[in-house]
Structure formats: C-alpha cells, structure tokens
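So you can see what is in the structure, the chains are spelled out below.
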Amino acid sequence: MSRNLLYVVLILSLMSTSCMKWDYGDDMEDFDASGAGLFITNEGNFQYGNATLSYYDPSTNTVQNEVFFRANGMKLGDTAQSMCVYGDKGWIVVNNSHVIFAIDLNTFKEVGRIENLPSPRYIHFVNDEKAYVTQIWDNRIFVVNPKTYSITGQIEVPGMTMESGSTEQMVQYGKYVFCNCWSYQNRIIKIDTEIDRVVGELTVGIQPTSLVIDKYDRMWTVTDGGYEGSPYGYEAPALFCIDAATFKIEKQFKFRLNDTPSEIQLNGTRDTLYWINRDIWRMDVTAERIPVRPFLEYRDTKYYGLTVNPANSEVYVADAIDYQQQGIIYRYTPQGQMIDEFYVGITPGAFCWK
C-alpha cells in the first residue's frame, strides 16, 4: 500500500475492522500452472474486500486474473500486501483481513491459513517450523509455526508503541534477521532467531521503506524522509548501504527533498539495485554515486510496484493508474526494451516469483 495513503487508511482501520467470511464456493476451477511463473498481489481498495491474485506465465505471455477466487470459490480478502514462496507453498499476506493464506503453487488452492494477526505486512521463514510476521502500527512481530498454521509467540520491539510504529521487510544473515521499522521510525532492528529477541538496532534516515541484501552481504534500505508537517520530522530521502556482519553504515546516498524513492529490488545475481523514484532507476551495488539518468523514464502514470526476474534480469513494473481500475504490468528486457504489457487487478503492489 502506498505510504502516502497509509496515513489516512490506517486511521480508519483503528475505527473499523474489515470482516471477511471465507466459505468455499461450488464453482471452482482446476489449474495446473507447472513451471516458472510470476504471482502479482493486487491490493484492491481498502475496506472493499476486493484484493485479488494474478498469475503470469512469461514463457507464453499469458496472464490469469483472480486465480485465488477461481480456484477456491471465495474472495482473497481486504488489501493483499505481499507474497512469498517457501517450500512448495505460496504464502499470501492479506493485511486488513488479518490472515495469511498458504496455497498450492500449481493449483492455487488453499492448503492452510494463519488467522488472527492484527495487521500483517510480510512473512519471513526462519526454518520449517518458524516464521516471523511483521505488522503495521504495532510494536510486535509475531512468531508463527508454518506447519501448524498457528501463532506461537511474539517479539516486542523496544522503543515502539502500538500507535506510532511498524515493522516491514526482513532479510537474514546467519542466525540474525534484520527488519526495517517504517512508520514514525528511523531504525533497522536485529533479531536473534535462536531466542526470538531484538538484540540490536541501527539508526538510519526517517522511515526506511524496504530492505534487501546483496551478494556481498550488504543490506540496502531507502528512506522516504517522512512528510511535510509530520510530528516525527521531514528530511531528504536517502539510500543506505549497511554491512550485515558489522551492522554499520558503509555508504549513504542522498536524494532531493521532494523525491519519493521506494521499492528497492535486486536482480538474480544480487549485484544490481533497482528502485522507483518517479522513473525506474538501476545501479551497480559497487557504485559510488547515484546514476544521473534513469533506466526507464516516467510514463505519466503511477509506478507502484517493481520486480526483477531472478533468472534473466527482465524488469516488471506495476502501474496502479488511478487505484480504481485494473492495473497494468509492463515487462522489459535488461536493456530497457518493452516485451509485453498486461492487465491485472486493482492496485497491483507486489510480486512473487516461483
């Protein structure tokens, strides 16, 4: 979900809780999507319960929309935030429906669910029997057992309140999981997975929005700088490079005050960074300065999501258009030439490769 929209919609979420009823329908389709492919989670509109899941086959240039609904005969829920693959399952985090669905990667049918999560954002798997689930506007990271689909514990984040904090994306280095703290925060936290406890923190800029780790075991995060009039402050956004072993900042690249960088991504070899800042930008992880020309120029629309195919470095960009109609996905070669474009659901925000 867009950071600008979150300030409004999360206030509404404190006053009204989305209520979904999950019942399997009689009209269910059979899918067999074997081979490599791309899932797209479409957020839908907040509190409308119209989130959907799309699936794209790059080998045939074909897209199937609303595959969760079609395979299970029931709606996905309200605000599909993220998705990841672990083992032979896809895990779909549905933020405002407080649930994570596990689905079969080929048939798209539900095989399990984790319920009663306050406001889940991302899931990270530590091992077969432990995963962490971050939350928006909550001072807890939930510990879950993927085998039993149950909540088994929680990790309290020091210095964070239920009303003014959130945890977002996670990466792992050795036994430590690192997580960026976004809303009204300026930290990366370090979690010891053996004791499920925060054991360190690093101050970066205001509101780090994403987190990846490159081939040299260096973490990258980009901050949005807050917003004008924010009680937490307002500053120029920045891109940070952090050594995972020492947990210290190695490099910092500053943007202009009115820039809006987001969606840091890596290619398959983890040696090239991509991000959105109006245009689409690309930079080698060893570079000493931000490039002066974008990889893909702005198309007078709303770039909202970004991913890079780990197999061939093709770039996919999600266009939310106006957040009301079906969004578009643009597919480019590593040289920036368009290969394909296709319609998905409302507000496409995140991608997941299988």
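Worth saying up front: this structure is predicted, and the values here are computed from it rather than measured. (Residues numbered from 1 in each chain as written. Predicted model: local features only at pLDDT ≥ 70, side-chain atom pairs only at ≥ 80, totals over all residues. Heavy atoms only, no water.)

Colleague: What exactly am I supposed to notice about the nonpolar core here?
Modeller: As a rule of thumb, soluble globular proteins bury nonpolar side chains together. Core analysis: the largest hydrophobic core is formed by 21 residues, its most contacted members being Phe39, Leu53, Phe68, Leu76, Ile92 and Phe108. Sorting the residues of this core by element identifies β2 (52–57), α2 (67–72), β4 (80–86), β5 (89–94) and β6 (99–104) as the ones contributing at least two each. Not counting residues within four places of it along the chain, the set of residues in contact with Phe39 comprises Leu53, Ser54, Tyr55, Met83, Ile103, Leu105, Phe108, Ala350, Phe351, Cys352 and Lys354. (Core = buried A, V, L, I, M, F, W, Y, C linked by side-chain atoms within 4.5 Å. Buried < 20%, exposed > 50% of the residue type's maximum accessible area, 1.4 Å probe, protein only. Helix = DSSP H or I, 4+ residues; strand = E, 2+ residues; numbered from the N terminus. Contact = heavy atoms within 4.5 Å.)

Colleague: Would you mind showing me how to read the pairing of strand β21 (residues 272–277) here?
Modeller: Regular strands place side chains that alternate from one sheet face to the opposite one. Summarising burial for β21: six of the six residues are buried, a large majority. Residues Thr272, Tyr274 and Ile276 point to one face of β21 and Leu273, Trp275 and Asn277 to the other, with burial holding for every one of them. The pairing of strand β20 (residues 262–266) with β21 spans three bridges and is antiparallel. Note that in β21 the partner of Gln265 across the bridge is Tyr274. Connecting the antiparallel pair β20 and β21 is a turn made up of five residues, with Arg270 showing a positive phi of about 60°. Both β21 and strand β22 (residues 279–284) contribute to a ladder of six bridges, which runs antiparallel. The partner of Thr272 across the bridge, within β22, is Asp284. (Pairing = 2+ DSSP bridges.)

Colleague: How should I be thinking about the sheet that holds strand β12 (residues 167–173) in this particular structure?
Modeller: Pairing between the strands of a sheet comes from backbone hydrogen bonds, and it takes one of two forms, parallel or antiparallel. Pairing is antiparallel in the open sheet, where four strands are placed in the order β12-β13-β14-β15. Both edges of this open sheet fall to β12 and β15 (197–203), since each of them pairs with a single strand only. Looking at each pair of strands side by side, their axes are set apart by 25° on average, direction ignored. Bridge analysis of β12 against strand β13 (residues 176–181) gives five bridges, and the strand direction is antiparallel. Of the residues in β13, the one forming a bridge with Thr167 is Cys181. (Axes fitted to C-alpha atoms, helices over the stretch in contact; angles between N-to-C directions.)

Colleague: Explain the pattern of salt bridges here, please?
Modeller: Pairs can form between side chains of opposite charge once their charged atoms are near each other. Enumeration according to the criterion identifies 15 salt bridges in this entry. Arg121 is the salt-bridge partner of Glu168, the closest N and O atoms lying 2.8 Å from each other. In this pair, Glu168 is assigned in strand β12 and Arg121 in strand β8 (residues 120–127), connecting sequence segments 47 residues apart. Here the two residues Glu168 and Arg121 agree in accessibility, since each one is buried. The partner of Lys147 in a salt bridge is Glu129, with the nearest N and O atoms 3.6 Å apart. Within this pair, whereas Lys147 is found in the loop between β10 (140–145) and β11 (150–156), its partner Glu129 is found in the loop between β8 and β9 (130–135), the two being separated by 18 residues in sequence. Residue Lys147 is classed as exposed on the basis of its relative accessible area of 54%. (Salt bridge = Lys/Arg side-chain N within 4 Å of Asp/Glu carboxyl O.)

Colleague: I tried to follow the sheet that holds strand β17 (residues 218–223) on my own but got confused; where do I start?
Modeller: As summarised here, the arrangement of the four strands in space is β16-β17-β18-β19, forming an open sheet in which the pairing is antiparallel. Taken across any chain shown, the strands that pair with only one partner, and hence form the sheet edges, are β16 (208–213) and β19 (248–254). In this sheet, neighbouring strand axes are inclined to one another by 20° on average, regardless of whether the strands run parallel or antiparallel. With six bridges joining them, β17 and strand β18 (residues 238–243) adopt antiparallel strand pairing. The partner of Met219 across the bridge, within β18, is Ile242.

None of the figures reported here should be taken as evidence of function without further support.
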